[in-house]
Amino acid sequence: MTQKKPTGQAAGPALVLEGVRKRYGDKQALDGITLTVERGEFFGVLGPNGAGKTTLVEIMEGLRRADSGSLSVLGAPPWPRNMALLPRIGVQTQSSAFFTRLTAREHLATVAALYGADPAGVARTLSLVGLAEQGGVRVDVLSGGQRQRLAIASALVHEPELIFLDEPTAALDPQARRALWQVLRALKGAGRTIVYTTHHLDEAEALCDRVAIVVAGSVVALDSPGRLVGAAKAPTRLLVPADRITAERARGFEGVDRVVVEGGSVVLETRAAGPVLAALGAAVGLDGVRTRTATLEDVYLELTGELTGSEGRA
Ligand SMILES: Nc1ncnc2c1ncn2[C@@H]1O[C@H](COP(=O)(O)OP(=O)(O)OP(=O)(O)O)[C@@H](O)[C@H]1O
């Protein structure tokens, strides 16, 4: 991939938000958001439905005005609408607009022209998102996943410094999803800053340098996935084939906090995995026993108060 290095690499962070608040009627959608996104950072925005993520990202994009607080995007205020910022920012949303009667290539060429970008970027960007062979296909004939990739291409074609992606893998099959991960990692490698909204916690864990978990308009956690998981109170889960041990017997091991039966396994939740594994090995052997350590999803569920009722989780 030939990505030119971003221009305008001025010193200073890509985004600085201080005390950003936004209210809709009597709904306080953002309740004082303070955060900084460094240049070149892959930054995740996570949170349950209605948490305020879209509002937050739209304020960063300059599409909405904050009620109060201060905001700097690539060193400049995004509101009132800052036209000088537009070519430096790429935005993909869930409701991206398309020129549906054009082909994918024509659509992208139009977007590139609107930004005054190099037309040579069109073929490269189509190929980058895996649409090289669909360039001549009309947009209204593309599959949902292909349109999603075209929306991503539309956010990238003018080679912006700062890229906002809103659940970009939502309509993608697993292969296309992994292919997009590679594209995004390459963009980060080329020095771009990426702000990434997702409900896929595995994706955030695999891609993001840091994530902000937003709940009810506030940031409740802000750190690297690794540090969040490391500091988590979430237990290790030991999955024992159900024909090897009963739930009652499993509950008898010292250090086991909780036992549930899930899909052919007796699951022992523990914060003392070593001693419990040793006791388990002595009692029933460890053949077929699987260990699941805490993930970002556990941290997220804990922080968003959804950990209860976890019986259904593998
Ligand atoms: N234009 C609006 N008018 C009134 N209320 C709104 C408006 N936009 C959002 N809200 C409310 O503000 C809160 C935050 O909404 P927002 O769309 O930012 O959340 P979100 O985290 O993006 O949710 P989701 O994951 O479901 O997209 C919600 O309670 C929502 O109902």
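Residues numbered from 1 in each chain as written. Predicted model: local features only at pLDDT ≥ 70, side-chain atom pairs only at ≥ 80, totals over all residues. Heavy atoms only, no water.

**Q** Any chance you could break down the nonpolar core for me, citing the residues and the numbers?
**A** In this structure, Leu46, Leu150 and Leu184 are the most contacted members of the largest nonpolar core, which totals 45 residues. Element by element, the count of residues in this core is highest for helix H5 (residues 174-189), at six residues. Both of domain 1 (15-230) and domain 2 (236-307) provide at least three residues apiece to this core. If you look at the next biggest cluster of nonpolar residues, it comprises 26 residues, including Leu35, Leu74, Leu85 and Leu162. (Core = buried A, V, L, I, M, F, W, Y, C linked by side-chain atoms within 4.5 Å. Buried < 20%, exposed > 50% of the residue type's maximum accessible area, 1.4 Å probe, protein only. Helix = DSSP H or I, 4+ residues; strand = E, 2+ residues; numbered from the N terminus. Domains from an automatic or database assignment.)

**Q** Outline the sheet that holds strand S4 (residues 68-73), supporting the account with residue identities and numerical values.
**A** Taken in spatial order, the three strands make up an open sheet running S2-S1-S4, and their pairing is antiparallel. Two strands close off the open sheet at either side, each with one partner strand: strand S2 (27-37) and S4. When the angles between neighbouring strand axes are averaged without regard to direction, this sheet yields 25°. As paired strands, strand S1 (residues 15-24) and S4 are joined by five bridges and run antiparallel to one another. Pairing of Arg21 across the sheet is with Ser68, part of S4. The sheet contacts of helix H1 (residues 53-61) involve S1, S2 and S4, and relative to S1 the element is tilted by about 125°. (Pairing = 2+ DSSP bridges. Axes fitted to C-alpha atoms, helices over the stretch in contact; angles between N-to-C directions. Contact = heavy atoms within 4.5 Å.)

**Q** Pulling in residues and values, what's your account of the site of the ligand?
**A** The environment of the ligand is formed by Tyr24, Lys27, Ala29, Pro48, Asn49, Gly50, Ala51, Gly52, Lys53, Thr54, Thr55 and His199. Within the backbone of Ala51, one N or O atom sits 3.1 Å away from an oxygen atom of the ligand. Between Gly52 and the ligand, the recorded distance is 2.9 Å, taken from a backbone N or O atom to an oxygen atom. Considered on its own, the ligand offers 630 Å² of accessible surface; in the complex 60% of this is hidden by protein. At the level of elements, S2 and H1 are the ones that each hand at least two residues to the shell around the ligand. Here the element with the most residues in the shell around the ligand is H1; it accounts for three residues. (Near = heavy atom within 4 Å. Polar contact = N/O pair within 3.5 Å; in protein donor to acceptor, adjacent residues only side chain to side chain. Areas by Shrake-Rupley, 256 points an atom, 1.4 Å probe, with all protein chains shown as cover.)

**Q** Account for the UniProt feature "domain: ABC transporter" (unreviewed entry) in the chain, with residues named and values stated.
**A** As annotated by UniProt and renumbered to match this structure, "domain: ABC transporter" (unreviewed entry) occupies residues 15-241. End-to-end, the C-alpha atoms of residues 15-241 are 49 Å apart, and along that stretch the chain is 32% helix and 28% strand. (UniProt positions renumbered as here; feature names shortened; annotations may be inferred.)

**Q** Please give an account of unusual backbone geometry that cites residues and values.
**A** Omega for the bond connecting Trp79 with Pro80 falls within 30 degrees of zero, at 0°, which places this linkage in the cis form. Tracing the chain through its elements places Pro80 in the loop between S4 and strand S5 (89-92). Of note, Glu159 is a non-glycine position whose phi angle comes to about 50°, a positive value. Inspection of the secondary structure assignment puts Glu159 in the loop between helix H4 (144-156) and strand S6 (162-166). For Ala216, which is not a glycine, the phi torsion comes out positive at approximately 50°. Note on placement: Ala216 falls in the loop between strand S8 (210-215) and strand S9 (218-223). Exposure remark for Ala216: the relative accessible area of 55% places this residue in the exposed category.

**Q** Can you explain helix H2 (residues 104-115)? Please cite residues and give values.
**A** Its twelve residues place the ends of H2 17 Å apart at the C-alpha level, agreeing with the 16 Å of an ideal helix rising 1.5 Å per residue. For H2, the complete set of buried residues consists of Ala104, His107, Leu108, Val111 and Ala112. Viewed end-on, H2 has its buried residues packed into an arc of 135°, placing them on one side of the element. Of the exposed residues in H2, the ones pointing more than 90 degrees away from its buried face are Ala113 and Leu114. Buried residues in H2 make contact with helix H3 (120-128) and H4. Residue Gly116 follows H2 closely and has a positive phi angle near 70°. (Expected span 1.5 Å × (residues − 1). Arc of directions from axis to C-beta.)

**Q** Report on the pairing of S6, specifying residues and quantitative values.
**A** A large share of S6 lies buried, amounting to five of its five residues. Covered by surrounding structure in S6 are Leu162, Phe164 and Asp166 together with Ile163 and Leu165, the residues of both alternating faces. By the bridge criterion, four bridges tie S5 to S6 in an arrangement that is parallel. Residue Val91 lies in a different strand from S6, and its bridge partner there is Phe164. Handedness of the β-α-β unit built from S6, H5 and strand S7 (residues 193-197) comes out right-handed. (Right-handed = clockwise from strand over helix to strand, strands pointing away.)

**Q** I'd like a rundown of the sheet that holds strand S13 (residues 290-292), residues and numbers included.
**A** Taking strand neighbours across the sheet as the criterion, the four strands line up as S11-S12-S10-S13 in an open arrangement whose pairing is antiparallel. In this open sheet, the two strands that pair with only one neighbour each are strand S11 (256-262) and S13. In this sheet, adjacent strand axes meet at a mean angle of 25° when their direction is disregarded. Note: S11 against strand S12 (residues 265-270), six bridges, orientation antiparallel. Within S12, the position partnered with Val260 by the bridge is Val267.

**Q** Summarise the pairing of strand S3 (residues 42-46); cite the residues concerned and give the values.
**A** Within S3, five of the five residues are buried, which leaves it mostly tucked inside the rest of the structure. Here S3 shows two buried faces, one formed by Phe42, Gly44 and Leu46 and the other by Phe43 and Val45.

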